[in-house]
Amino acid sequence: MDEQVKSKLLEAAAQALENAYSPYSGISVAAAVMDDRGRIFSGVNVENASLGLTICAERNAIARAVADGAKSIEAVLIISSIGAIPPCGACRQVIAEFAMPETPILLAFEGKIIEERTLGELLPDAFKLNRDKGRS
Ligand code: THU
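Reference entry: report on the structure contained in this document. (Residues numbered from 1 in each chain as written. Predicted model: local features only at pLDDT ≥ 70, side-chain atom pairs only at ≥ 80, totals over all residues. Heavy atoms only, no water.)

For the rest of this paragraph, the subject is the site of the ligand. Taken together, Ser25, Val29, Asn45, Glu47, Thr54, Cys56, Ala57, Glu58, Pro87 and Cys88 make up all the residues around the ligand. Here an oxygen atom of the ligand sits 2.5 Å away from a polar atom, N or O, in the side chain of Glu47. Taking Glu58, its side chain carries an N or O atom lying 2.7 Å from an oxygen atom of the ligand. In the complex, the protein chains occlude 78% of the 370 Å² of accessible area that the ligand would expose alone. (Near = heavy atom within 4 Å. Polar contact = N/O pair within 3.5 Å; in protein donor to acceptor, adjacent residues only side chain to side chain. Areas by Shrake-Rupley, 256 points an atom, 1.4 Å probe, with all protein chains shown as cover.)

Written out as structure tokens, the structure is:
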């Protein structure tokens, strides 16, 4: 993956991490995604007193991208306050809606990319109704 894109994703996610809203778990998570037009969108976890309503950082970033017209997700970076954490199962499925098996998922901690995975490694045989990239 292009090093410049990696650093842009890292910068966007690291900046957003400061805005994570996680008073209940104390775990801050931020994600940055790049869309089909090379635009970068960030998202953070947003917790709620009704704990099950918590929104993960990855889904937040993807929702922002889609709301702004993204047709596909070309790369995802996740950063957290506790280490290089992989996306939860629900977020893997939501990433799969807009990404391909080879889409990189980068895991970062303390300003550095620690691991580089792909969606296909994290979610093999994903359930998809639209197998094309993005939406029809
Ligand atoms: N969290 C995310 O934002 N993304 C994930 O993929 C895993 C979990 C958040 C949800 C909650 O606010 C906190 O991390 C602890 O579960």
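From this point, the narrative continues.
To continue, consider the nonpolar core. Val33, Ile73, Val76, Ile78, Ile95 and Ile105 are the most contacted members of the largest nonpolar core, which has 21 residues in total. Where this core is concerned, the elements lending two or more residues are β1 (29–35), α2 (57–67), β3 (73–80), α3 (89–98), β4 (104–109) and α4 (119–122). For Ile78, the contacting residues outside a window of four places in its chain are Val29, Ala30, Ala31, Glu58, Ile85, Pro87, Ile105, Leu106, Leu107 and Ala108. In terms of nonpolar packing, the next biggest core, distinct from the first, is built from 17 residues, Leu9, Ala16, Val44 and Ala75 among them. (Core = buried A, V, L, I, M, F, W, Y, C linked by side-chain atoms within 4.5 Å. Buried < 20%, exposed > 50% of the residue type's maximum accessible area, 1.4 Å probe, protein only. Helix = DSSP H or I, 4+ residues; strand = E, 2+ residues; numbered from the N terminus. Contact = heavy atoms within 4.5 Å.)

To continue, consider the pattern of salt bridges. Within the structure shown, the criterion is met by 5 salt bridges. Between Arg39 and Asp35 there is a salt bridge, and its shortest N-O distance comes to 2.8 Å. For Arg39, a relative accessible area of 23% gives the class partly exposed. Two residues, Arg117 and Glu121, come together in a salt bridge whose shortest N-O distance is 3.2 Å. We classify Glu121 as partly exposed; its relative accessible area is 47%. (Salt bridge = Lys/Arg side-chain N within 4 Å of Asp/Glu carboxyl O.)

Right, let's talk about a nonpolar patch on the surface for a bit. A cluster of nonpolar side chains, Tyr21, Tyr24, Val46, Leu51 and Ile55, forms an exposed patch at the surface whose accessible area comes to about 470 Å². Here Leu51 shows up in the loop between β2 (40–44) and α2. (Patch = residues over 30% accessible without salt bridge, like charges linked within 9 Å, V, L, I, M, F, W, Y side chains within 5 Å.)

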